[in-house]
Amino acid sequence: LTKVMSLFIQTPSPNEARRRVSIDEGIAELWEKSLAAKDSHDLTIETADGPVTAHAHMLKAASSVVTAMLESPMKEGKT
C-alpha cells in the first residue's frame, strides 16, 4: 500500500517545502492500526503484483486525481 500511496500523494514543488511537525505517539499508533484494519478496506486496486486493498477515503484525501477517478461513472469509480 505504501508504494501505491506514493504514486498518488501530491508532492510539493521544490519551492514549497513541507513543514514537519511532531505528533503524539498514540496518534501514530492509531494511524498504523487504521492502515492495518484490512477488514474495513473498501477499495481494491489491481496491480502487476496482485490486488492491493485500501481505504478509499484515505486515497481520496491524498489525491484530487484519485478522487476524480473514484467518483467517476467509469469502471475506476466502482469500488
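Structure: above.
Model, not experiment: these values are computed from the prediction.

Turning next to the pattern of salt bridges. Evaluation of the coordinates by the stated rule reveals one salt bridge. With its nearest N and O atoms 3.3 Å apart, the salt bridge here joins Glu-71 to Lys-60. Of this pair, Glu-71 sits in the segment after α4 (64–70) while Lys-60 is found in helix α3 (residues 56–62), placing the two residues 11 residues apart along the sequence. Relative accessible area serves as the criterion here: at 56%, Glu-71 is assigned to the exposed category. Given a relative accessible area of 30%, Lys-60 falls into the partly exposed group.

Relative to strand β2 (residues 50–54), strand β1 (residues 43–47) runs antiparallel, the two being bridged by five bridges. Of the residues in β2, the one forming a bridge with Thr-47 is Gly-50.

What counts, and where the lines are drawn
Residues numbered from 1 in each chain as written. Predicted model: local features only at pLDDT ≥ 70, side-chain atom pairs only at ≥ 80, totals over all residues. Heavy atoms only, no water. Salt bridge = Lys/Arg side-chain N within 4 Å of Asp/Glu carboxyl O. Helix = DSSP H or I, 4+ residues; strand = E, 2+ residues; numbered from the N terminus. Buried < 20%, exposed > 50% of the residue type's maximum accessible area, 1.4 Å probe, protein only. Pairing = 2+ DSSP bridges.

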